[in-house]
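This is what each chain is made of:
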Amino acid sequence: MLAGLPKSVPGYAIDRMCAGAMTAVTTAAGSIALGATDTAIAGGVEHMGHHPMGSGVDPNPRFISERLVDPSALVMGSTAENLHDRYPAITRERADAYALGSQRKVAAAYAAGQIQPDLVPVAIRSSERGWGLATADEPPRPDTTPAALAGLKTPFRPHGRVTAGNSAGLNDGATGCVIAAADVAAELGLDARMRLVDFSFAGVDPR
């Protein structure tokens, strides 16, 4: 209703954390493949700016009492440290080098004007600074250096390997797309920008 769609359009929400928008797309595509849906709007939003990031997590008590999962599975930073334990070849130095390479790539892409066409200015509000306009992604740090990365603390484990510089940043983002069966897209004159061929999901050890 907030999107202005007619009340006759059915809708539903999906909660799959970081993969929510992707799951919305694949679920809609599956419905189209089945022939139950002709056209769908799919997408999602992740408001990490308001996410507690593990504080106040209240899981089903059986997870802990029956030791179905390790408590570290509830904190993404801890699971990242667990991965470093499992794959010792991924040292902090390698993680920092990868992070530095990512920062340099995105800086070059911004300098070449490759990112800007896909950005939409969005009004933002801060309790400290009031209203503003977001016109660029927040995480890039073009002035990142190896020394700066090496000096960051490891908040999830003493002498750990996961830092704010070599892990995912906190982002607020949204995405949306129109999905349609090939014959319906042709009938409606929709310009197909890409084709979904296949998808799958896999479960992993929650640690």
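Residues numbered from 1 in each chain as written. Predicted model: local features only at pLDDT ≥ 70, side-chain atom pairs only at ≥ 80, totals over all residues. Heavy atoms only, no water.

Asker: Requested: an account of the overall build of the chain, with residues and values cited.
Answerer: Across its full length, the chain holds 6 helices and 4 strands. Helices (α) and strands (β) of the chain occur, in sequence order from the N terminus, as α-β-α-α-α-β-β-α-β-α. Taking 207 residues into account, the globule formula puts the C-alpha radius of gyration at 17 Å, and the chain, at 21 Å, lies well above it. Within the chain, contacts between residues separated by at least 24 positions form 61% of all contacts whose residues are at least 6 apart in sequence. On the chain, roughly 15,900 Å² of surface is accessible, and the fraction owed to carbon and sulfur atoms is 59%. Side chains of the chain give 18 positive and 21 negative charges; the mean places of these two sets differ by 7 Å. (Helix = DSSP H or I, 4+ residues; strand = E, 2+ residues; numbered from the N terminus. Rg over C-alpha atoms; globule rule 2.2 N^0.38 Å. Contact = heavy atoms within 4.5 Å. Areas by Shrake-Rupley, 256 points an atom, 1.4 Å probe, with all protein chains shown as cover. Lys, Arg positive; Asp, Glu negative; His and termini not counted. Charge placed at Lys NZ, Arg CZ, Asp CG, Glu CD.)

Asker: Hey, could you go over the pattern of salt bridges for me, with residue numbers and the actual values?
Answerer: Scanning all chains against the criterion turns up 6 salt bridges. For arginine 62, the salt bridge goes to glutamate 66, with nearest N and O atoms at 2.8 Å. Salt-bridge contacts for aspartate 85 lead to arginine 161; the nearest nitrogen and oxygen are separated by 2.5 Å. Pair noted here: aspartate 85 is in helix H3 (residues 76-86) and arginine 161 is in the loop between helix H5 (146-150) and strand S4 (172-180), with a separation of 76 residues, a long-range link. A relative accessible area of 41% places aspartate 85 in the partly exposed class. Connected through shared salt-bridge partners, Glu81, Asp85, Arg157 and Arg161 make up one network. (Salt bridge = Lys/Arg side-chain N within 4 Å of Asp/Glu carboxyl O. Buried < 20%, exposed > 50% of the residue type's maximum accessible area, 1.4 Å probe, protein only.)

Asker: Give a description of the state of the cysteines that names residues and reports values.
Answerer: Within this structure, the stated rule accounts for 0 disulfides. With no disulfide of its own, cysteine 18 lies 18 Å from the sulfur of cysteine 177, the closest cysteine sulfur. The class for cysteine 18 is exposed, based on a relative accessible area of 58%. In this structure cysteine 177 comes out as partly exposed when scored by relative accessible area, which is 30%. (Disulfide = S-S within 2.5 Å.)

Asker: Hey, could you go over unusual backbone geometry for me, with residue numbers and the actual values?
Answerer: In this structure, arginine 67 is a non-glycine residue whose phi angle is positive, near 55°. On the secondary structure map, arginine 67 appears in the loop between helix H2 (61-65) and H3. Relative accessible area serves as the criterion here: at 73%, arginine 67 is assigned to the exposed category. Positive phi values are uncommon outside glycine, yet histidine 159 reaches one of about 55°. Looking at where histidine 159 falls in the secondary structure, it is placed in the loop between H5 and S4. Classification of histidine 159 by relative accessible area gives exposed; the value is 82%.

Asker: Quick one: what's the story with helix H4 (residues 92-111), residue by residue and with numbers?
Answerer: Over its 20 residues, H4 runs 28 Å from end to end, which matches the ideal 28 Å to within 8%, given 1.5 Å per residue. Those residues of H4 that sit buried are Arg92, Ala95, Asp96, Ala99, Leu100, Gln103, Ala109 and Tyr110. Each element contacted by the buried residues of H4 is listed here: H3 and H5. (Expected span 1.5 Å × (residues − 1).)

Asker: If you had to explain the nonpolar core to someone new, which residues and values would you point to?
Answerer: The tendency in soluble globular proteins is for nonpolar side chains to be buried side by side. Ala24, Val25, Ala28, Ile32, Ala40, Ala42, Ile179, Ala181 and Val184 together form the largest nonpolar core, which totals 9 residues. Per-element accounting of this core gives the leading share, 4 residues, to helix H1 (residues 20-34). Those residues in contact with alanine 40 that sit more than four places away from it in its chain are Ala28, Cys177, Val178 and Ile179. (Core = buried A, V, L, I, M, F, W, Y, C linked by side-chain atoms within 4.5 Å.)

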